[in-house]
Amino acid sequence: MTKLNHKTRRADLAQMQADPLDVLVIGGGITGAGISLDAQTRGLKTGLIEMQDFAAGTSSRSTKLVHGGLRYLKQLAVHEVAEVGSERAIVYENAPHVTTPVWMMLPFYKNGTFGKATTALGLDVYDHLAQVKKNERKFMLNANQALIREPYLKAKGLLGAGVYVEYRTDDARLVIEVIKKAHAKGALVANYVKATELTYNVAGQVDGVVFVDQITGDSGVIHARRVINAAGPWVDTIRKLDGSDAGKHLHLTKGVHLVVDSAKFPLHNAVFFDTPFKDKRMMFAIPRAGKTYFGTTDTTWTKDPKEPTIDARDVTYILDAVNGMFDITPLTFDDVESAWAGVRPLIQEAGKSPSEISRKDEIFHSESGLYSIAGGKLTGYRKMAEKIMDKVAKDIATADSSYRYQPTQTKHLPLAGGDPLGSDGFKVYAYSAIGRGVAAGLTKAQAKVVVAHYGTNADAVFDFVKQAASADTTLSPLDYGQLHYGLENELVLRPIDFLLRRSGELLFDYAHMQAITPAVIAEMRRYFNWSEATTLAMTSEVSAQVKLRQNFKDKINDVI
Ligand SMILES: Cc1cc2nc3c(=O)[nH]c(=O)nc-3n(C[C@H](O)[C@H](O)[C@H](O)COP(=O)(O)OP(=O)(O)OC[C@H]3O[C@@H](n4cnc5c(N)ncnc54)[C@H](O)[C@@H]3O)c2cc1C
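What you see is a predicted model; the values in this text were computed from it and never measured.

A. Focus on the packing of helix α13 (residues 477-489) against helix α16 (residues 510-528). Axis separation between α13 and α16 bottoms out at 11 Å; the angle between their running directions is 45 degrees. On the basis of their axis angle, the class for α13 and α16 is oblique. Crossing geometry of α13 relative to α16 is assigned as right-handed. For the pair formed by α13 and α16, the contact residues are D479, Y480, L483, H484, L487 and E488 on the first element and H512, I516, V520, E523, M524, Y527 and F528 on the second. Across the contact of α13 with α16, the residue classes break down as eight nonpolar, two polar and three charged.

In structure tokens form, the structure reads like this:
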């Protein structure tokens, strides 16, 4: 199995500087990850740099659904629904461990936006456009049946519900699985490396970047025949470096999600529901591993995209919608265990409100040759990569006859952890792998978690689990195994990379995350040989991330 760790990072960065690349991708979110995999597998020498951790931008802050975008039918975005709908099935087959089908309920109420006929029609159109498999097509329930299926739905005025399938994902893990695959195919990748300037050849064409390594402070230059700007909410910042940001630009909108324990709200089904607010947004409530999460808001964001804040108004908006929709003891600020906020890098459309702006993706090609891509969805990442690489690969083939244009190779290319199986094969693998996890010393439930999390790389995690017995650590074998797998194979450089993005514990297992943080930091200190000062900085970084998710509780009086 290909390693991806601090040593490969150093070697990859050195190699990117030593030999010009064919393609350099700026941005290690899902868009840049997908482009790197597509480019490398077309036979182009590819590099990827990310200024934070992989997926630290928008790609770890989504609703975590690989979905066909039913809500965009409201905007009559037929093409987008058809495209991402069919991509959904491809993502599932290529990475069945990070995409789990879930039945989603779409309840309708007396005087609501939709009735039975419109809900049924909308779902039929969706099934058709998204080419939904027969066994996953919609069905309808009357009010009684809907309440039996989901007893927490508000009964008053309920007329019934449509039920259809969406795919739940772990966005940050989807990104890392794409990057691991790209790296295994030969792409050079490095997180915590920021592009600070673009470089140009004598003809004024972009031919690389100046970068600063955010870990060591070193700077250097990487040359490439083509540079692709996949910087998400920072796409315009890079275009500005190129002097090509005139015309269309980004409109960032913030979306917040909240997490509560399922003891407070034991929702059984994912529910997609109408909110009673003026902006007519719809919201998701999704059960996940003992928790339920809700979202999202959609408000214009004009400040730094790096760490959009969650304020009391966002929390009130979501809790009001949830408390109005479900027959539960009303949830309060104190019930919120964790939260996250992300910004959508949408393309400005004059006169439209945040919710009305289309999610479609768009490619910009500047006079200097810089390619930029923005908009789109997590779900459509593979298609977005294919579209931009069709152009870039043709462009390279035209300029250099030694490269023969190749079409995309990613449609049937399993991601890391998904190979070589597909969804049916994965079920067979999971059955036997759970046994091996138990033999390595885990409980059956723990082994299941590992298999669901890492797919066919579960066996590599089990190898680290076995080493825990002889290690000087207070971490459980499960935590030790996952941490060391992350250090060796997923380029974990900081505790927050592991606690927030590789394991998701800061979001979905807050108490456990708090309990293991000191031991994780101690283990990483040993592994990296950190000084006292570095260890303190890493500890503060984790505390700051925890605080970001709790700060709004101090502001409760601002809105109430
Ligand atoms: C609230 C919310 C909910 C959503 N829900 C869903 C959903 O359920 N399903 C779905 O399909 N989509 C969803 N989306 C959309 C989806 O999350 C985004 O379209 C997608 O994550 C954007 O990915 P990206 O790679 O373009 O941007 P990002 O993930 O932000 O990646 C860009 C990266 O570029 C890096 N970067 C920037 N500048 C530099 C530089 N100078 N040098 C090096 N690196 C740089 C950044 O650090 C960042 O990591 C949602 C979005 C939001 C905000």
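B. Examining the site of the ligand more closely. Around the ligand, the surrounding shell holds 38 residues, and the nearest of these are T31, E50, S59, L65 and T379. Within the contact set of the ligand, a nitrogen atom lies 2.6 Å away from a backbone nitrogen or oxygen of L65. Within the complex, 97% of the 1,000 Å² of free accessible area of the ligand lies under protein. Counting only elements with at least two residues in the shell around the ligand, the list comes to α2 (30-41), β8 (193-200), β11 (250-261) and β16 (336-347). In terms of residue class, the shell around the ligand is made up of 14 nonpolar, 18 polar and six charged.

C. Structural detail: the nonpolar core. By size, the foremost hydrophobic cluster in this structure holds 90 residues, and its most contacted members are V23 and I35. When neighbours within four sequence positions are excluded, V23 is seen to be in contact with A39, L44, K45, T46, G47, A224, R226, I228, M389, V392 and I396. Counting residues in hydrophobic clusters, the runner-up holds 36 residues, among them A143, V256, L258 and F294.

D. Representation of the pattern of salt bridges in the model. The final tally for this structure, using the stated rule, is 40 salt bridges. In this structure, K383 and E386 form a salt bridge, with 3.5 Å as the shortest nitrogen-oxygen distance. Of this pair, K383 and E386 both sit in helix α9 (residues 381-399), three residues apart, roughly one helical turn. Take K383: its relative accessible area is 24%, and that puts it in the partly exposed class. Residue E386 is classed as buried on the basis of its relative accessible area, which comes to 15%. A salt bridge links D463 to K466; its shortest N-O distance comes to 3.6 Å. Linking D463 with K466, this pair stays in helix α12 (residues 458-467), spanning three residues, or about one helical turn. Judged by relative accessible area, which is 41%, D463 ranks as partly exposed.

E. Inspection of the pairing of β16 at higher detail. Most of β16 is tucked away: eleven of the twelve residues are buried. Judged from the eleven bridges that link them, β11 and β16 form a sheet pairing that is antiparallel. Bridging across to β16, V260 finds its partner in V336.

F. Geometry of the packing of helix α10 (residues 422-439) against α12. Where α10 meets α12, the axes come as close as 10 Å, and the angle between the chain directions of the two elements is 5 degrees. Between α10 and α12, the angle falls in the class roughly parallel. Along its contact with α10, which presents Y429, A433, R436 and G437, the element α12 presents A458, D459 and F462. Grouping the amino acids of the contact of α10 with α12 by side-chain chemistry returns four nonpolar, one polar and two charged.

Thresholds applied
Residues numbered from 1 in each chain as written. Predicted model: local features only at pLDDT ≥ 70, side-chain atom pairs only at ≥ 80, totals over all residues. Heavy atoms only, no water. Axes fitted to C-alpha atoms, helices over the stretch in contact; angles between N-to-C directions. Helix = DSSP H or I, 4+ residues; strand = E, 2+ residues; numbered from the N terminus. Parallel < 35°, antiparallel > 145°, perpendicular 65-115°, else oblique. Left-handed = near helix turned anticlockwise from the far one by under 90°. Contact = heavy atoms within 4.5 Å. Nonpolar A, V, L, I, M, F, W, Y, C, P; charged D, E, K, R; others polar. Near = heavy atom within 4 Å. Polar contact = N/O pair within 3.5 Å; in protein donor to acceptor, adjacent residues only side chain to side chain. Areas by Shrake-Rupley, 256 points an atom, 1.4 Å probe, with all protein chains shown as cover. Core = buried A, V, L, I, M, F, W, Y, C linked by side-chain atoms within 4.5 Å. Buried < 20%, exposed > 50% of the residue type's maximum accessible area, 1.4 Å probe, protein only. Salt bridge = Lys/Arg side-chain N within 4 Å of Asp/Glu carboxyl O. Pairing = 2+ DSSP bridges.

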